[in-house]
Amino acid sequence: GRELWEAIASLLLGVTTGQRSPASPTTARAALPRVTRRQSAPASESPQPLPTMTAVAASNNSEELILELFDVLERCPASARDAATDAALEAISKRGTPEEPEEPVPEAIKSEPSFMQPKSAYDRYRDAQRDRLARQHPELEPMQLNEKMRLTWAELGEAARAPYVQQAHAERDAWQEAQGVQPEPWDSDRPRKPPSVFDLWSRATKPRETIGAQKSEAQVRKQISELYKALTPEQRQPYQAEYDRTMPKFLEDEKAWAAKWNLVKTCKGFVPSTHPAAINKAKRLSGDVSTSGDTPPLPTSYPKALDMWSRDLKETYRTKFPSLNPPDLLKKMKADWAAMTDEDPVKSDYKRRSAKLKEEYASRYSEWQEKQCEDGPRKKRRGAGEAGP
C-alpha cells in the first residue's frame, strides 16, 4: 500500500509544481515534507465512511495537498483505498494545471552603496525572465536559453522595455550619488562615435543567429570573428563606404565639441585645459621641459623628431584616411616622414626641437649622476677586514 501512496504523492507533487512529467516515487519521497502521520485505524475496526478531499487541500499549495492526501489514505481501510485514490485524483484534476506566473517586476533599487556597477536594462530583463523561459522551454541548454532571451529582448518595443530602462537609469543615478560620482557637464552633448565596419556588418547580417548557441560565449565570438575575416573586399565594401562617410563627420564634430568646452585629449581622455595631464602634454609638445627643485628627476627618454611630428598630425591623418586602422596609419605616417628631405622646413624644425630636448636630457642625466655620487650609496657596505659585532 505504501508504494501506492508514494505514486499518488509523486503525481500530486508533479501537478502542483507544474512539472511536465511526475517525479519518480523515490524522488517524490525525498521531496516530501517530514510530517508526523496519524496512526492508522486497527484492522478490526468497522469500515468507516469514505472521506473526501477538503476544500483547503483542493485549493492550497502542494505541501498541504500532500498532507491531506496522506491523512485521507491512512484513515481509509484497505478495501476503500482505491475509491479514496480516485477521489484524490479527481480533486487534483479539478484544480488543474497551475497558471503561469505573471511577468516579474524588476528588482527594487538597493539602498546601501555598492562598489559594483549597477545592472543594465537588459541584465534586469534577463534575470527577471530566465526562470519563466526555462519553464516554457525545458529542452534548451543554458547558452541556448541566453540566446533566446537576447533575441526576445531585441524584438521588444520601447513600451515593453520602458520598466527595465527606467529601473536601470534610477539605479545608476542612485549608485552615482552614493559613490559621489557626478557626470561632467560636457558629456551631455558629446558626439557619439559611429559604429565600426565590423559593427555595421554584424548588425546587418546577425551572425549570432546563423551560428546559434554554443557551449561557451568564447566559441561564439571566435566563429563570428572567422566569418568576418572570411569576407571578400566586395562583401566588405558597402560597410566600409558607410564607415568612411560617417567617421570624418564625427571627427569634425568631436573637434568642435572639444573647442566649445576647452578640452584637451590626453591619455586620460578629454580633460579641461587646466588639468595636470593637459598642462604636461602642452609642455611636452612645445619642448618646454624644465626641472624644479634641488634634486633632479630621474632621467627619461626624450621624444624623437618623428614622434613629435606624428603626434601633431595624428588627427589630421585620421581625418584624411579614415579607413586605415592605427597600425596602417602609423606606417603611412612613417613613409611620408621618410619621403621628406632634410632641407624640408617642417622636418628640420622638428629635428631642431628634438635636438634641444636631447641636450636638456643629457644635462639632467649628468646632474642626476653627480647627485648620486654626492649622496653616495644608500647602504654603506662593511669592509672585508672589519669584524662583526
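The rules behind these values
Residues numbered from 1 in each chain as written. Predicted model: local features only at pLDDT ≥ 70, side-chain atom pairs only at ≥ 80, totals over all residues. Heavy atoms only, no water. Salt bridge = Lys/Arg side-chain N within 4 Å of Asp/Glu carboxyl O. Helix = DSSP H or I, 4+ residues; strand = E, 2+ residues; numbered from the N terminus. Buried < 20%, exposed > 50% of the residue type's maximum accessible area, 1.4 Å probe, protein only. Contact = heavy atoms within 4.5 Å. 1 Å grid on protein atoms, 1.4 Å probe; cavity = no way out; pocket = protein on both sides within 12 Å on 5 of 7 lines; lining within 4 Å. Points joined across faces, edges and corners; volume = space filled by probe spheres on them. Nonpolar A, V, L, I, M, F, W, Y, C, P; charged D, E, K, R; others polar.

Notes on the pattern of salt bridges
Two side chains with opposite charge may pair up if their charged atoms get near one another. In total, this model carries 19 salt bridges according to the counting rule given. Two residues, E147 and R150, come together in a salt bridge whose shortest N-O distance is 2.7 Å. With E147 and R150 both in helix α7 (residues 142-155) and 3 residues apart, this pair spans about one turn of that helix. For E147, a relative accessible area of 12% corresponds to the buried category. Where K347 meets D342, a salt bridge forms, and the shortest distance between an N and an O atom there is 3.9 Å. Three or more residues are tied together by salt bridges with common partners; here these are K119, D123, R126, D127 and R130.

Section: the environment of L227
Here L227 shows up in helix α11 (residues 217-229). Residues L227 and P207, spaced 20 residues apart in sequence, show a C-alpha to C-alpha distance of 8.1 Å. When near neighbours in sequence (up to four residues on either side) are disregarded, L227 contacts W201, P207 and I211.

Structural notes on the layout of surface pockets
For the largest pocket, the calculated volume is near 1,300 Å³. The wall of the largest pocket is formed by 40 residues, among which K265, R311, K314, E315 and R318 lie closest to the centre. When residues of the lining of the largest pocket are traced back to their parent elements, those giving at least two are α12 (233-260), β1 (263-266), α13 (276-286), α14 (305-320) and α15 (326-339). Classifying every residue of the lining of the largest pocket gives 20 nonpolar, 8 polar and 12 charged.

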